[in-house]
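Remarks on the overall topology
Here is what each chain is made of, one letter per residue.
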Amino acid sequence: MPIKPVRKAVLPVAGLGTRVLPATKVTPKEMLTVFDRPAIHYVVDEARAAGIEHFVFVTGRNKAAIEDYFDSAYELEATLEAKGKTALLNQLKADLPAAGACSFVRQQAPLGLGHAVWCARDIVGDEPFAVLLPDMIMRAQTPCLAAMTKAYGKIGGNIISVEEVPMSEVSSYGIVDPGARKGELIEMKGMVEKPPVDKAPSNLMISGRYILQPEIFDALAEQTPGAGGEIQLTDAMLRLMDTSPFHALPFKGETFDTGSKTGYLRAFAAHALADPEHGAEVRQILEALLKS
Ligand code: UTP
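Quick summary incoming for the structure in this document. (Residues numbered from 1 in each chain as written. Predicted model: local features only at pLDDT ≥ 70, side-chain atom pairs only at ≥ 80, totals over all residues. Heavy atoms only, no water.)

This paragraph deals with the pattern of salt bridges. Evaluated as defined, the whole model comprises 13 salt bridges. As a salt-bridge pair, Glu127 and Arg7 come within 2.9 Å of each other at their nearest N and O atoms. With Glu127 in the loop between α6 (121-124) and β6 (129-132) and Arg7 in the segment before β1 (8-12), this residue pair connects regions lying 120 residues apart in the sequence. A relative accessible area of 13% means that Glu127 is categorised as buried. Of the charged contacts, one joins Glu46 and Arg209 as a salt bridge, the two residues approaching to 2.9 Å between their closest N and O atoms. With Glu46 in helix α1 (residues 39-49) and Arg209 in strand β11 (residues 204-212), this pair connects stretches of sequence that are 163 residues apart. With respect to burial, Glu46 and Arg209 carry one shared label: buried. (Salt bridge = Lys/Arg side-chain N within 4 Å of Asp/Glu carboxyl O. Helix = DSSP H or I, 4+ residues; strand = E, 2+ residues; numbered from the N terminus. Buried < 20%, exposed > 50% of the residue type's maximum accessible area, 1.4 Å probe, protein only.)

A few words on a nonpolar patch on the surface. On the surface, Ile285, Leu286 and Leu289 cluster together to form a nonpolar patch covering roughly 260 Å² of accessible area. For Ile285, a relative accessible area of 46% corresponds to the partly exposed category. (Patch = residues over 30% accessible without salt bridge, like charges linked within 9 Å, V, L, I, M, F, W, Y side chains within 5 Å. Areas by Shrake-Rupley, 256 points an atom, 1.4 Å probe, with all protein chains shown as cover.)

Now for the pairing of strand β8 (residues 158-164). Across the seven residues that make up β8, a large majority, six, are buried. Of the strand pairs in this sheet, β8 and strand β12 (residues 246-250) are connected by five bridges, and their pairing is parallel. In the sheet register, Val162 faces β12, and the bridge partner there is Pro250. Bridge count between β8 and β11: five bridges; the pairing is antiparallel. Pairing of Ile160 across the sheet is with Tyr210, part of β11. (Pairing = 2+ DSSP bridges.)

So this is what it looks like as C-alpha cells:
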C-alpha cells in the first residue's frame, strides 16, 4: 500500500496551563512570549518546515488570542505601511498561514490530551496526521517534525519522537518500552503514561511530536480515563499498537518545555541568547544579573 503523506497537523491548545498560573489566567500559555514571539509561533514554523498544509487548533475558553494571532491584522498592517516599516510588514505577512489553512475546533472541557486530539477527527478525516504539543519548543538543525516525516516516508505507520530523561523524572512523562533498533528508528513494544520509577520500561520520554494513522480516532472514541483522570493519548496509542506499527525516533536537538515556570524561563533565555541582533546584549544582561 502506498504511504499517504502527512498534510495536516493537530495543535491541542485547550489545556488550562495551571502550572504557570497566574500568567495563564487570561492569556493562553501557548501565547506566552518566548523572547519576541509566542511559543506557538515556533511550533507552527516547525510544522510548516515539515510541509504541513493545514493546521487544526483544538481550542477552549480564553484561547481567542490564538485565532487572532494567525489572522491578518488590518489596522496594524495599514499603519506599518503608512509609516514605511516595510521589513516588519513583510515579516508579518510571511508569518501568516495561507487563507483557509487553519481550522479551529473547541474542546468544551479539558478532559485530556487524547480527548483534545479526538476533537479534531472530522477535520483530519481519513488520513495520517501530525500532533505537535505547542508548549514544547524543539530546536534542531533538522526540525523535529521534518525528521519524523522523512522517516515516515520510508516506513509509514506511526512515528513518535522520543528523548532520554534522567530516570528520576520518568514519572512526569509518557515513557516508551523500546524493542529492536532499526537504523535511526526504534521499534516500540509498548508505552506507559507517567510510570513510577521502578515500573518504567526505559527513560525514553515521548517528547510531544507524533505522526499517527487515522485509526487512532476509533481507539480514542472508546478510551476511558487513565493517569490523572484524563483521556490519555498514550493509552489509545497503546491499543492501536496491536494493529498498526509504532516506531520511536530519538530527537537530535534541544527541547524546551514552556509549560512550567522554570522551563519557560529556560526557553526565553535560550532564544534571547541565540537572537542574532540582541544575543550579545542579552548575555551581558544575564551575566550582570548573576553577579549582582
Ligand atoms: P499539558 O498537560 O502540558 O497542558 O498538555 P495543561 O493541562 O494546560 O497543563 P497544566 O498541567 O495545567 O499546567 C499538553 C498540551 O495538551 C493540551 C495543552 O493545551 C497542552 O498544549 N491539552 C491538554 C488540551 O488541549 N486539552 C486537554 O484536555 C489537556
